[in-house]
Amino acid sequence: MSVQQATSHGVVTDSVRPPEFSRAERVRVLTMTAAGSVVVGYAAVAALLALVSSTAAHASFSTTGVLTAAAPGWLVAHHVPLRFDGGQLGMLPLLPTALVMLLVYRAAASAADRLGLFEPLQARSVVFAISGAHAVVGSVIAFLMGDDGPVRATPAVAFFGCAAVSALAAVAGVAQRCGLVEVVFERIDPVARRGLRAGALALSALTAAGAFLLVLGLVSSWSTTASLFHPVGGTIGTGLGIWLMCLAYLPNAVVGALSYVVGSGFSIGSVVVGPLEFTGGPVPAVPLLAALPEEQAVYLPLVLIVPGVVGVLAGFSLRNAAETPRSRVRAVLVAAVTAGVGTLVLAAVSGGALGGGVFNPVTIPAGLLAVLTFGWVTVPGVVVAWFSGPRPPRVVEPEPEPEAEPESESEPGAEPELESEDDAVVTDYDDEVEEFEEEDEEYEEDLDDGDPDEEDLDEHDLDEYDDLEEFEDEEPAPGEVDGSDEEDEPEAPDEPDDAEEPDGPDDADPDLADKPR
């Protein structure tokens, strides 16, 4: 039945409800998974040795001998160094290790699916079961090989070496199914995630450039390469063994070419090969080494353009990782650290001791390679990401308003500018006052000049005023209203007039009747 499962890290998945297993059933599934990964890996190594020994000339083939010889090969596949009378084999092939890790990866993923695991903590049982089985088997094989045998191994080194390789592959197998990837990326901000992705792409690009350079060198010296595959007096078994050895050490050769592209180079005994340094000498008769240059050439340093281009591409891919240039620079630094750490690990597991002869040791300078990779990604990447990405809009701060300056002497005839509404109101008021004063002055001048008609009118008004005073001295009749009151406070036409008016013109004052109104 389809249900939604909420994991401990907050991820809700729509999947099929896992079946319920008892403790005994879980133990059985984990035991079969761990033992199966060990047995299948051991059987693959034994089958490969049986194929080589069956085709080799003057070789006796027996099942017991093949199974016994497969034990050191199984340790080599887990990257455990071996010791023998002539020295130590520390430069181990990477392809068998990659195949063993792929086998463990599939076994762990199958066990997680069968048990219905979806929590990060549930992955512990699968990882511990597989890594513990490989560690125990590896230490037992190293112990049984003894200290007096032709090939020897240190049990402690075998224990931790087998455990580390198998545990790393098992974690990768259950990471997606148990939500380990989500747990890791939830604790990383988006800018750092972009940097990790860009760093992985930069490491892949540098590795691809190294592989292309290796192929180009083999093709350019194909005659030497073909002659090394078919030595004089060799048989089919000899050619097959050489071909399998080159195939097993092919990843090591690619890492060496990667170191050459970056600029750190590598060395085989006293032979030093690099784009800026070259020291010739004898090398093993291995077809892969036919790609080495025979002498220093002027055009060889041009290969350093490749890591610079990779750095530019890394910076260009991070141009939109963040809005601010500083955040993009941080993403470039994360990418550079990722690529540098990746090259450091690859260089550390690709070289090592190679017996006790003139070809010992095979060295790929891991520290120098990591530093140069970091520099090639950082310098051009930072420049490109800084200038090619978007920039935040510049915030313009408002300019402070200038303080009021004292009024300066203006030119004659120039009108002063109004700075505010208050100043405009004051100016209008001043204009009105000036107009009123001018009108007052004109009125006073008119009074001073005085027209004769106006003087006559004033005298006539005075005579009328004297007549009115005589009329007021007389005692008014009851109900009569004073004439002055009629002039000062006229009554409204709608209101009734309570005062009695004179009956006719006879009652009026004869003197007032002759006066003009």
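On a predicted model such as this, the values are computed, not experimentally measured, just so you know. (Residues numbered from 1 in each chain as written. Predicted model: local features only at pLDDT ≥ 70, side-chain atom pairs only at ≥ 80, totals over all residues. Heavy atoms only, no water.)

I keep staring at the overall build of the protein chain and nothing clicks. Help me out?
Tallying secondary structure elements over the protein chain gives 17 helices and eight strands in all. Expressed as a percentage of the 517 residues in the protein chain, the buried residues total 32%. The contacts of the protein chain with a sequence gap of at least 6 include a subset with a gap of at least 24, amounting to 72%. When the accessible surface of the protein chain is summed, it comes to about 32500 Å², and 61% of that surface belongs to carbon and sulfur atoms. (Helix = DSSP H or I, 4+ residues; strand = E, 2+ residues; numbered from the N terminus. Buried < 20%, exposed > 50% of the residue type's maximum accessible area, 1.4 Å probe, protein only. Contact = heavy atoms within 4.5 Å. Areas by Shrake-Rupley, 256 points an atom, 1.4 Å probe, with all protein chains shown as cover.)

Would you explain the packing of aromatic side chains in this entry?
Within a pair of aromatic rings, the relevant descriptors are the distance that separates the centres and the angle that separates the planes. Here the structure, examined in full by the defined rule, presents one aromatic pair. Where Phe159 meets Phe160, the ring centres are 5.2 Å apart and the plane angle is 85°; that geometry is what we call edge-to-face. With relative accessibility at 33%, the residue Phe159 sits in the partly exposed group. The aromatic ring of Phe316 is capped on one face by Arg319, whose charged end is 4.0 Å from the ring centroid. (Phe/Tyr/Trp six-rings, centres within 6.5 Å; stacked < 30°, edge-to-face > 60°. Lys NZ or Arg CZ within 6 Å of the ring centre and 35° of its normal.)

In this structure, what is going on with the environment of Val80? I would like to understand it.
Mapping Val80 onto the fold places it in the loop between α2 (63-77) and β3 (82-84). In this structure the C-alpha to C-alpha distance between Val80 and Val165, which are 85 residues apart in sequence, comes to 9.9 Å. Not counting residues within four places of it along the chain, the set of residues in contact with Val80 comprises Leu75, Leu92, Val157, Ala158 and Cys162.

It is not clear to me how unusual backbone geometry should be interpreted in this structure. Could you clarify?
With the exception of glycine, the majority of residues adopt a negative phi angle, and the majority of peptide bonds are in the trans configuration. With an omega of -5°, the peptide bond between Asn360 and Pro361 qualifies as cis. Position of Pro361 among the secondary structure elements: in the loop between α12 (325-350) and β8 (362-363). Even without being glycine, His79 reaches a positive phi, approximately 60°. Mapped onto the elements of the fold, His79 is located in the loop between α2 and β3.

Just to check I follow, could you spell out the pattern of salt bridges for this structure?
Opposite charge on two side chains lets them pair, provided their charged atoms get close. With the rule as written, the count across this model stands at three salt bridges. Here Asp85 and Arg152 are joined by a salt bridge, their closest N and O atoms 3.5 Å apart. Highlighted residues: Asp85 in the loop between β3 and β4 (87-89) and Arg152 in the loop between α4 (123-145) and α5 (155-175), separated in sequence by 67 residues. Classification of Asp85 as exposed rests on a relative accessible area of 70%. (Salt bridge = Lys/Arg side-chain N within 4 Å of Asp/Glu carboxyl O.)

Just to check I follow, could you spell out a negative patch on the surface for this structure?
On the surface, Glu434, Glu435, Glu437, Glu438, Glu439, Glu441 and Glu442 cluster together into a negatively charged patch. Tracing the chain through its elements places Glu439 in helix α14 (residues 421-449). (Patch = residues over 30% accessible without salt bridge, like charges linked within 9 Å, V, L, I, M, F, W, Y side chains within 5 Å. Lys, Arg positive; Asp, Glu negative; His and termini not counted. Charge placed at Lys NZ, Arg CZ, Asp CG, Glu CD.)

What am I meant to see in the nonpolar core here?
Counting residues in each nonpolar core, the largest one holds 36 residues, and the members touching the most others are Cys246, Leu288, Ile364 and Val377. Every element with two or more residues in this core is listed here: α7 (190-220), α9 (236-248), α10 (250-262), β5 (266-268), β6 (271-273), α11 (305-317), α12 and α13 (366-388). The dominant element in this core, judged by the number of residues it contributes, is α10, at seven residues. If we skip the residues at most four places from it in the chain, Leu288 touches Leu214, Leu218, Cys246, Tyr249, Leu250 and Ala253. Ranked by size, the runner-up nonpolar core spans 18 residues in total, among them Leu115, Leu117, Ala123 and Val126. (Core = buried A, V, L, I, M, F, W, Y, C linked by side-chain atoms within 4.5 Å.)

Could you clarify how one ought to interpret the packing of helix α1 (residues 23-55) against α4 in this entry?
For any two helices packed against each other, one specifies the crossing angle of their axes together with the interaxial distance. Running from N to C, α1 and α4 cross one another at 45°; their axes reach a closest spacing of 9 Å. Accordingly, the angle class assigned to the pair α1 and α4 is oblique. The element α1 and its partner α4 pack so that their crossing is right-handed. Contacts between α1 and α4 pair Leu30, Thr33, Ala34, Ser37, Val38 and Tyr42 from the former with Ser125, Val126, Ala129, Ile130, Ala133, His134, Val137 and Ile141 from the latter. (Axes fitted to C-alpha atoms, helices over the stretch in contact; angles between N-to-C directions. Parallel < 35°, antiparallel > 145°, perpendicular 65-115°, else oblique. Left-handed = near helix turned anticlockwise from the far one by under 90°.)

Help me understand α10, please; the structure alone is not making it clear to me.
Residues separated by three or four positions in an α-helix point in the same direction, a consequence of the helix having 3.6 residues per turn. Along its 13 residues, α10 runs 19 Å from first to last C-alpha, staying within 8% of the 18 Å computed at 1.5 Å per residue. Within α10, ten of the 13 residues are buried, which leaves it mostly tucked inside the rest of the structure. Of the positions making up α10, those classed as buried are Asn252, Val254, Val255, Gly256, Ala257, Leu258, Ser259, Tyr260, Val261 and Val262. (Expected span 1.5 Å × (residues − 1).)

Please clarify how the environment of Phe316 should be interpreted in this entry.
If you trace the backbone, Phe316 turns up in helix α11. Sequence separation between Phe316 and Ala198 is 118 residues; the distance between their C-alpha atoms is 9.8 Å.

Looking at this structure, I do not really get the side chain of Ser139. What am I missing?
Looking at the element boundaries, Ser139 is found in helix α4. Judged by relative accessible area, which is 18%, Ser139 ranks as buried. Residues contacting Ser139, with those up to four places away along its chain left out, are Pro155, Ala158 and Phe159.

Mind showing me how you'd approach the confidence of the model for the protein chain here?
Detail in the predicted coordinates should be disregarded across regions flagged by low pLDDT. Put simply, the protein chain has an average pLDDT of 78, and 71% of its residues get 70 or more. Taken as a whole, residues 1-15 scores under 50 in pLDDT and shows 37 contacts with residues more than four places along the chain or in a different chain. (pLDDT = per-residue confidence, 0-100.)

Is there a simple way to explain the packing of α4 against α5 in this structure?
α5 packs onto α4 with a crossing angle of 155° between their chain directions and a minimal axis gap of 7 Å. As far as their axial angle goes, α5 and α4 are roughly antiparallel. As for the relative orientation of α4 and α5, their crossing is right-handed in sense. Of the residues in α5, those touching α4 at Ala123, Val126, Val127, Ile130, Ser131, His134, Ala135, Val136, Gly138, Ser139, Ala142 and Phe143 are Pro155, Ala158, Phe159, Cys162, Ala163, Ser166, Ala167, Ala170, Val171 and Val174. Along the lines of polarity and charge, the residues of the contact of α4 with α5 split into 17 nonpolar, five polar and no charged. (Nonpolar A, V, L, I, M, F, W, Y, C, P; charged D, E, K, R; others polar.)

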